[in-house]
Amino acid sequence: MAKSICMASLLLAGCSATMEDYQGETPALHLDKFFNGQLEAYGMVQDFRGRVVRRFRAEIQATWRGEEGILDEQFFFDDGEQQSRCWRLSKSGNHYRGTAGDVIGEAVGMTEGNALNWRYTLAVPVNGKIRHLQLNDWLYLLDDDHLINRATMSKFGIPVGEITLFIHRVERVVPENMWSVCEAKL
């Protein structure tokens, strides 16, 4: 019986999605095209049991200069807490790197078809302490103006929660002072 359970676990682990699964899927996701202008997101955080523990709305201002991008995110949680994150992104072909004030090191990922997968460690306040959680973050472009984002969070390889967001474009116009505003937050 124990061998059967171990074998089933190994088979399920081998069945997770890979970037190759999204080759040729359309519309193609290009972060510099989707994350450009004003966007709005609605999301939830679930614990390891799948129970929704927080809901939030986010306002995102984004712009690119060549291969470099800025995403300025403002989060408004259902309990009244507010957070901000300012991403500094760079791209090389379909590979992306990103840094932010609460990201430990660098987020690294790539796009294929309509999907992006990137991984990073996020410093998250939990019960008055900062915890370093590993995120496996998947973004799926639905159409030119809508994207679904799902991230699994783990600690020491053990799943501790999930984040799901629905992001939509509000306006394609980019504010002119984006670079200086975000620089001040970094």
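Our subject in this report is the structure included herewith. (Residues numbered from 1 in each chain as written. Predicted model: local features only at pLDDT ≥ 70, side-chain atom pairs only at ≥ 80, totals over all residues. Heavy atoms only, no water.)

1. Brief notes about the nonpolar core
Within the largest apolar cluster, 36 residues are counted, with the highest numbers of intra-cluster contacts made by Phe35, Trp87 and Ile167. Not counting chain neighbours up to four residues away, the residues in contact with Phe35 comprise Ala62, Thr63, Trp64, Leu71, Leu139, Leu147 and Ile167. Judged by nonpolar contacts, the second largest core, of five residues, contains Met19, Tyr22, Trp138 and Tyr140. (Core = buried A, V, L, I, M, F, W, Y, C linked by side-chain atoms within 4.5 Å. Buried < 20%, exposed > 50% of the residue type's maximum accessible area, 1.4 Å probe, protein only. Contact = heavy atoms within 4.5 Å.)

2. Quick look at the pairing of strand 5 (residues 95–99)
On strand 5, burial follows the alternation: Tyr96 and Gly98 on one face are buried, whereas His95, Arg97 and Thr99 on the facing-out side are not. As paired strands, strand 4 (residues 82–92) and strand 5 are joined by five bridges and run antiparallel to one another. Directly across from Arg88, in strand 5, lies its bridge partner Thr99. Where strand 4 hands over to strand 5, the hairpin turn is made up of two residues, of which Gly93 adopts a positive phi near 65 degrees. Across four bridges, the pairing between strand 5 and strand 6 (residues 103–112) is antiparallel. Bridged to His95 within strand 6 is Met110. (Helix = DSSP H or I, 4+ residues; strand = E, 2+ residues; numbered from the N terminus. Pairing = 2+ DSSP bridges.)

3. Details of the packing of aromatic side chains
This model, assessed by the stated rule, comprises eleven aromatic pairs. Seen in terms of ring centroids, Tyr22 and Trp138 are 5.8 Å apart; in terms of plane orientation they differ by 55 degrees. Their pairing is tilted. On the criterion of sequence distance, the pair formed by Tyr22 in the loop between helix 1 (2–13) and helix 2 (31–34) and Trp138 in strand 8 (residues 129–143) is long-range, its members being 116 residues apart. Each member of the pair, Tyr22 as well as Trp138, is classed as buried. When the ring of Phe56 is compared with that of Phe77, the centres are 5.5 Å apart and the planes differ by 50 degrees; the resulting orientation is tilted. Of this pair, Phe56 sits in strand 2 (residues 52–65) while Phe77 sits in strand 3 (residues 68–77), and the two are 21 residues apart along the sequence. The two residues Phe56 and Phe77 agree in class, both being buried. (Phe/Tyr/Trp six-rings, centres within 6.5 Å; stacked < 30°, edge-to-face > 60°.)

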